[in-house]
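Structural overview for review
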There are 2 protein chains.
Amino acid sequence: MDLISRVQGREIRAIARALTLVENGDDAFTMALDAAFAELPHPERIGITGPPGSGKSTLTSALVKALRGQDKRVGVVAVDPSSPFSGGALLGDRLRMSEHALDDDVFVRSMASRGRFGGLAIGSEDACDVLALANFDPVIVETVGVGQSEVDIASLADTTVVVLTPSAGDSVQALKAGIMEIAEVVVINKADRDGAERLEEDIKEAMELRPMPPEGQPMWQPPIVRTVATENHGISDLLTAIAQHRTFLTGNKLLSAVRQKRAESRLHDLAGAALLGSLKAGGRAQGLFESLRGRVRAGTMSPRAAVKELLAALSL
Amino acid sequence: MDLISRVQGREIRAIARALTLVENGDDAFTMALDAAFAELPHPERIGITGPPGSGKSTLTSALVKALRGQDKRVGVVAVDPSSPFSGGALLGDRLRMSEHALDDDVFVRSMASRGRFGGLAIGSEDACDVLALANFDPVIVETVGVGQSEVDIASLADTTVVVLTPSAGDSVQALKAGIMEIAEVVVINKADRDGAERLEEDIKEAMELRPMPPEGQPMWQPPIVRTVATENHGISDLLTAIAQHRTFLTGNKLLSAVRQKRAESRLHDLAGAALLGSLKAGGRAQGLFESLRGRVRAGTMSPRAAVKELLAALSL
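If you're wondering where the values come from, they're calculated on a predicted model, not measured in any experiment.

Notes on the overall build of chain A
Check the secondary structure of chain A and you find 13 helices and 7 strands. Counting only contacts in chain A whose residues sit at least 6 apart along the sequence, the fraction spanning at least 24 positions is 73%.

Right, here's the structure in full:
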């Protein structure tokens, strides 16, 4: 039986193998996965992001536990962009999730980034598809949230949960404005610490700076949920908030718009990567690109001039 | 007189205007900048990165002060990927650098990310070129360091300084392995806090996991420098460490390799962005791309199948 069918048959080893193949960007398997496009279920996608140290993994683990209590099969993709060179993923994520290690209805996978040009997003999308194919629903995508990875998660998930923590650092404050723009649910984790009150006020203030939705579209007001993930406090409130956002999306017929945008952004990622890939290897412009690259490396031609020549040669 | 000449003439308002134009990706100006490619000086590039809250901006400010003491003209590009949607940059960076606000031989610019596909890297590179053209040397590039932005800064700078802080968070520990791989100098800032000793041990341990350089190439051993940036402690040690790395690069004829790699990665960023840009607007494949995009958005075609059709149509 082929790997796709075995994934659909929920075979744990097949799922693990498939995830390794998509993480490596294996062409044969991604083509096979693509051939199953029409059969792909569309599970709920929950994104969890936040700065390092906010307790995302512990929260995700608690969330998984609660979802298991509702008899749901839960897939988790933990995207770790912190080791771009070695390609290693956070061991900690796996360890903290290990309480679910013997549960066949929970599948957790850490993935490392695969460099620029949508590598992270492409691999994570494929991983979500593998878990969808194996009938996990919801699929949770967890990322360390600073910078680009937030954009990525916002495009990966139906509902994006941003996790913050009371702390003395001014940096978290500074980050909030950006993070707030993608938050559909805000969690104050470690809410038993000093400063939770202050943080909630800051969040509310930052929230007021969020851009208005396009004319005629309803405005979603992100709920703020307090949790202590290590003690399972507030987790059912979090589930309720996520469900409320889903009801908002479906009630206003916005879920399909979210999925359309996701498909489009995936197209852009894949197109950018494929175009550049064909220049680097195998495409008809490979020779030209190599000679331009040589001149750019030698400093005798500017990168922009090289790109202009390239576009002209391809009549693009 | 045109803007390029005025930038070369070190006119403050012209530099500010030029930086705004590159931040906006203004075509006319980037072409003019490109035309001056042969005249571009190659100032020393120092990268400063580290997790939020590590005190990068304060450290950068202290570094600028010390470099001013050596009569150097210092340009700073503070890249802030934390607000991908609004395009706003960290106000804090500017405020903390304001002690240099009246000094014409210091120029500080905060830049926000411009989305995926090398946007951040492209804009930052152009900003560095503008500052080079205005004869600032060194040019310091400061980024919030988690994930992709580290890769970017590693390719932007000759010498990458990673700033860490003693703290209780396990997350910083987890991040270290990835961060260590790009560090040429490691700073323990806020070194008067508890835990500096412990952090230094952890750093040394993480350092041992760094990959070996290619056969025949000398190995650089990143020095660990303790600073208290708010009190200007350790800044001259940091300058010494940066200078040592530079001597290592020039002594081993590695500086040109660093620049070649940077030029190549810039070529890749620009090529990826330009190829995708021509599909989105103006190129001969725009019509095809639009129709494929429509099918992908409607869910009747997979993004990968669309990309395959696109490459075939372009005979790439």
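So, helix α13 (residues 303-313) of chain B
Along α13 of chain B, the positions that sit buried rather than exposed are Pro-303, Arg-304, Ala-306, Val-307 and Leu-310 of chain B. The buried side chains of α13 of chain B occupy one side of the element, clustering within an arc of 155° when seen end-on. Summarising the contacts, the buried residues of α13 of chain B are in contact with α3 (27-35) and α11 (255-280) of chain A together with α12 (286-298) of chain B.

Things to note about the nonpolar core
Judged by nonpolar contacts, the single largest core of 58 residues is most densely connected at Val-77, Val-130, Leu-131 and Val-187 of chain A. Tallying contributions element by element places helix α6 (residues 119-133) of chain A first for this core, with 6 residues. Setting aside residues up to four positions removed in sequence, Val-187 of chain A forms contacts with Leu-59, Val-161, Val-162, Val-163, Val-225, Thr-227 and Leu-238 of chain A. Counting 57 residues, the second-largest nonpolar core is a separate cluster that includes Val-79, Ala-127, Phe-136 and Leu-238 of chain B.

So, unusual backbone geometry
Residues and elements named next belong to chain A. Note the cis peptide between Asp-137 and Pro-138, where omega equals 10°. In this structure, Lys-190 takes a positive phi of about 55° despite not being glycine. On the secondary structure map, Lys-190 appears in the loop between β6 (185-188) and α9 (196-207). Under the C-beta neighbour-count criterion, Lys-190 is labelled buried, with 24 such atoms within 10 Å. Even without glycine at this site, Lys-253 takes up a positive phi of about 50°.

What to know about the confidence of the model for chain A
Residue and element names in this part refer to chain A. Chain-level pLDDT for chain A is 84 on average; 83% of the residues reach the 70-or-more range. pLDDT under 50 marks residues 83-96. Its contacts with residues more than four places away, or in other chains, come to 37 contacts. For residues 170-174, every residue scores under 50 in pLDDT, and the model assigns this stretch 10 contacts once sequence neighbours within four places are set aside. The complex model carries a pTM of 0.79, and its ipTM stands at 0.81.

Here we look at the packing of helix α4 (residues 56-69) of chain B against helix α10 (residues 235-251) of chain B
Residue and element names in this part refer to chain B. Here α4 crosses α10 at 80°, and the two axes come no closer than 10 Å. With respect to each other, α4 and α10 are oriented roughly perpendicular. On α10, the residues that touch Ala-62, Leu-63 and Ala-66 of α4 are Ile-235, Ser-236, Leu-238 and Leu-239. Of the residues that constitute the contact of α4 with α10, the class distribution is 6 nonpolar, 1 polar and no charged.

Concerning the pairing of strand β1 (residues 45-50) of chain B
Residues and elements named next belong to chain B. Burial runs high along β1: 6 of the 6 residues are buried. Burial along β1 is two-sided: Arg-45, Gly-47 and Thr-49 and Ile-46, Ile-48 and Gly-50, pointing in opposite directions, are all buried. When β1 meets strand β5 (residues 159-164), the two strands line up parallel, connected through 4 bridges. From the neighbouring strand, Ile-48 faces β5, where its bridge partner is Val-161.

What about the pairing of β5 of chain B?
Residue and element names in this part refer to chain B. Of all 6 residues in β5, 6 are buried; the element is thus mostly enclosed. Here β5 shows no split at all, with Thr-159, Val-161 and Val-163 on one side and Thr-160, Val-162 and Leu-164 on the other all buried. Bridge analysis of β5 against strand β6 (residues 185-188) gives 4 bridges, and the strand direction is parallel. Residue pairing across strands places Leu-164 opposite Ile-188, the latter belonging to β6.

Conventions and cut-offs
- Residues numbered from 1 in each chain as written.
- Chains lettered and ligands numbered in written order.
- Predicted model: local features only at pLDDT ≥ 70, side-chain atom pairs only at ≥ 80, totals over all residues.
- Helix = DSSP H or I, 4+ residues; strand = E, 2+ residues; numbered from the N terminus.
- Contact = placed C-beta atoms within 7 Å.
- Buried ≥ 20, exposed ≤ 12 C-beta atoms within 10 Å, placed from the backbone.
- Arc of directions from axis to C-beta.
- Core = buried A, V, L, I, M, F, W, Y, C linked by C-beta atoms within 7 Å.
- pLDDT = per-residue confidence, 0-100.
- Axes fitted to C-alpha atoms, helices over the stretch in contact; angles between N-to-C directions.
- Parallel < 35°, antiparallel > 145°, perpendicular 65-115°, else oblique.
- Nonpolar A, V, L, I, M, F, W, Y, C, P; charged D, E, K, R; others polar.
- Pairing = 2+ DSSP bridges.

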